[in-house]
Amino acid sequence: MHHFEYRNGEYCCEEVPLSRIAEEVGTPFYCYSHATLLRHFTVFDEAFGAIPHIICFAVKANSSLAVLRIFSKAGGGADVVSGGELYRALKAGIPPEKIVYAGVGKTRNEIRQALEAGILMFNVESSQELIAIDSVAGEMGVKAPVALRVNPDVDPQTHPYISTGLKENKFGMSYNTVLKEYHHAVRFDNIDVIGVHKHIGSQITLISPFVDALEKTLDLVRQLRSEGIDIKYIDMGGGLGITYKDEAPPHPKELAQSIAPMLAETGCTIIFEPGRVIVGNAGALISRVLYTKVNEEKTFLIVDAAMNDLARPSLYGSYQHIVPVEEDAVSRKKVSADVVGPICESGDFLAKDRVMPELRRGELIAVMSAGAYGFTMSSNYNSRPRVPEVLVKGSDYDIIRERETYEDLIKGERLPSYLA
Ligand SMILES: *Cc1c(COP(=O)(O)O)cnc(C)c1O
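Residues numbered from 1 in each chain as written. Predicted model: local features only at pLDDT ≥ 70, side-chain atom pairs only at ≥ 80, totals over all residues. Heavy atoms only, no water.

## Comments concerning helix H7 (residues 178-185)
Now for step 1: The complete set of buried residues in H7 reads Val178, Glu181, Tyr182 and Ala185. In an axial view of H7, the angular spread of the buried residues amounts to 100 degrees, which keeps them on one side of the axis.
Now for step 2: Looking at the buried positions of H7, the neighbouring elements they touch are helix H6 (127-140), strand S9 (144-151), strand S10 (173-174), strand S11 (191-197) and helix H8 (208-226). (Buried < 20%, exposed > 50% of the residue type's maximum accessible area, 1.4 Å probe, protein only. Helix = DSSP H or I, 4+ residues; strand = E, 2+ residues; numbered from the N terminus. Arc of directions from axis to C-beta. Contact = heavy atoms within 4.5 Å.)

## Section: the site of the ligand
Now for step 1: Of all residues adjacent to the ligand, which total 15 residues, the nearest are Lys60, Ser202, Glu273, Arg276 and Tyr373.
Now for step 2: Taking Gly239, its main chain carries an N or O atom lying 2.8 Å from an oxygen atom of the ligand.
Now for step 3: For the ligand, an oxygen atom lies 2.8 Å from a polar atom in the backbone of Arg276. (Near = heavy atom within 4 Å. Polar contact = N/O pair within 3.5 Å; in protein donor to acceptor, adjacent residues only side chain to side chain.)

## As for the packing of H8 against helix H9 (residues 252-264)
Now for step 1: At their nearest, the axes of H8 and H9 sit 11 Å apart, and the two run at 5 degrees to each other. Relative to H9, H8 is oriented roughly parallel. Facing H8, whose interface residues are Phe210, Val211, Leu214, Glu215 and Leu218, H9 presents Leu255, Ser258, Ile259, Met262 and Leu263.
Now for step 2: Considered class by class, the residues forming the contact of H8 with H9 number 8 nonpolar, 1 polar and 1 charged. (Axes fitted to C-alpha atoms, helices over the stretch in contact; angles between N-to-C directions. Parallel < 35°, antiparallel > 145°, perpendicular 65-115°, else oblique. Nonpolar A, V, L, I, M, F, W, Y, C, P; charged D, E, K, R; others polar.)

## Side note on the packing of aromatic side chains
Now for step 1: This structure, assessed with the given rule, holds 10 aromatic pairs.
Now for step 2: Ring geometry for Tyr161 against Tyr316: centres 6.1 Å apart, planes inclined by 65 degrees, an arrangement best described as edge-to-face. Linking Tyr161 in the loop between S9 and S10 with Tyr316 in helix H11 (residues 312-316), this pair joins segments that are 155 residues apart in sequence.
Now for step 3: What makes Tyr316 buried here is its relative accessible area of 16%. (Phe/Tyr/Trp six-rings, centres within 6.5 Å; stacked < 30°, edge-to-face > 60°.)

## A look at the side chain of Glu404
Now for step 1: Looking at the element boundaries, Glu404 is found in the loop between strand S21 (396-401) and helix H12 (406-409).
Now for step 2: A polar atom in the side chain of Glu404 sits 2.9 Å from the backbone nitrogen of Arg386.
Now for step 3: Of the polar contacts made by the side chain of Glu404, one reaches the side chain of Arg401; its length is 3.4 Å.
Now for step 4: Not counting residues within four places of it along the chain, the set of residues in contact with Glu404 comprises Asn380, Pro385, Arg386 and Leu409.

## Side note on the domain arrangement of the chain
Interfaces are often sized by the amount of accessible area the parts lose when they come together.
Now for step 1: According to the domain assignment, the chain contains domain 1 (4-32 + 280-409) and domain 2 (103-272).
Now for step 2: A straight line from the C-alpha centre of domain 1 to that of domain 2 covers 36 Å.
Now for step 3: Taken together, the contact between domain 1 and domain 2 spans 10 residues of the former and 8 residues of the latter.
Now for step 4: Contact with domain 2 buries area across many residues of domain 1, yet Asn281, Tyr316 and Tyr319 alone supply 57% of it, more than any other trio.
Now for step 5: Applying the counting criterion to the domain 1 and domain 2 interface returns 0 salt bridges.
Now for step 6: There are 3 residue pairs in polar contact (both at pLDDT 80 or more) connecting domain 1 and domain 2.
Now for step 7: Its residues assigned to classes, the side of domain 1 that touches domain 2 comprises 4 nonpolar, 5 polar and 1 charged. (Domains from an automatic or database assignment. Buried area = accessible area lost by both parts, 1.4 Å probe. Salt bridge = Lys/Arg side-chain N within 4 Å of Asp/Glu carboxyl O.)

## Quick notes on the pairing of strand S5 (residues 53-58)
Now for step 1: When you tally the buried positions in S5, you get 5 out of 6 residues, the bulk of the element.
Now for step 2: Pairing between S5 and strand S13 (residues 269-272): 3 bridges, direction parallel. Looking across to S13, one finds that Ile54 is bridged to Ile271.
Now for step 3: Where S5 and strand S6 (residues 77-80) come together, 3 bridges link them in parallel fashion. (Pairing = 2+ DSSP bridges.)

## What to know about the nonpolar core
Now for step 1: Counting residues in each nonpolar core, the largest one holds 98 residues, and the members touching the most others are Phe48, Phe122, Tyr182 and Phe272.
Now for step 2: It is H8 that contributes the most residues to this core, 8 residues altogether.
Now for step 3: Dropping the residues within four chain positions of it, Phe272 is found in contact with Phe44, Phe48, Ile51, His53, Ile54, Ile55, Cys56, Met236, Gly237, Ile259 and Leu263.
Now for step 4: By size, the runner-up hydrophobic cluster in this structure holds 20 residues, among which are Leu18, Phe29, Met368 and Val392. (Core = buried A, V, L, I, M, F, W, Y, C linked by side-chain atoms within 4.5 Å.)

So, in structure tokens, the structure goes:
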């Protein structure tokens, strides 16, 4: 559920009409609902209330400091995949002892940064990475806490670009050899093996892949313990899906019913890394119709937001629901239209062949379910300044990130002296 709805003929985020924000900050902009963000976090947290656990929000889904701060105040941690994300998480006040760090290409500098911060653990993705972590920790005279990321070879039945737990994916260590990797890991002087990590993919709408992957992970934990390797943390990764169109993903409570009993038996502290399920439906991208254009084949709705602002439709062909901000428009004649941005690429679209009410120049649309992998994937392509982010709480809103300026676009650029 989310807090976007029509009130008095106007699409609102909580109690604030989106048209009012559009007047004041301009378009396009991302708009997040504080109540929805907090609710989704709390629902997930409470679903696993019976077992010792930490919710490490996946920062790559939405890395806004204000958004991270909401979760940190609610007791959350962070799952980071780069030094930049670690920097953000710490800036947002997330305690280092609640931060886990995954990713196949951690650099020595990033490893050092994480050890200096004192994070909970590294989720290690290869044997060479173990060597690097051991060496950096040795230089610093500290012990690096690690989990090995196991790739359980379970099909999450999701889009191939966001499937991570299959043999052919670049992530983790293969299930058949991970035991050997553990034997290897415990022999390093500067490494403390404390956990097991898995993350099989994103936008998963079934319970069974989670259960299958967990069963394999628990077999591994049992084996490790029988050999005296003390596993204290099981990191379940993220991946629970949301409704973009007509998907019916399990509620976090249903997922918890299926897996919490298995997890409780281990006596471990369980780490969850939800991203999309917490923020996805808590945000929308608001855009204005610039022009409509009807050619022989198609009707185009040309709007001021584009693939650089929201990449998911172009990148994954994904569906984002589109809502007219003025409720009056809903009852208009329907047309089939491509909703496109100003970017010079035919792949620049927010929706294809979408049956929607006929909209006019100057009217506003809300592109829904844009809170996850929306702003974080945005770029400056076509030299378009990145759009502002707005956080609504009740009847108020705050700009939590300003619109970029043209000066921001050229920040750090220099002309070599022979061109000056
Ligand atoms: C992307 C990612 C997540 C979050 O995935 P969601 O589908 O957004 O929940 C969690 N853990 C790791 C390691 C990831 O790479």
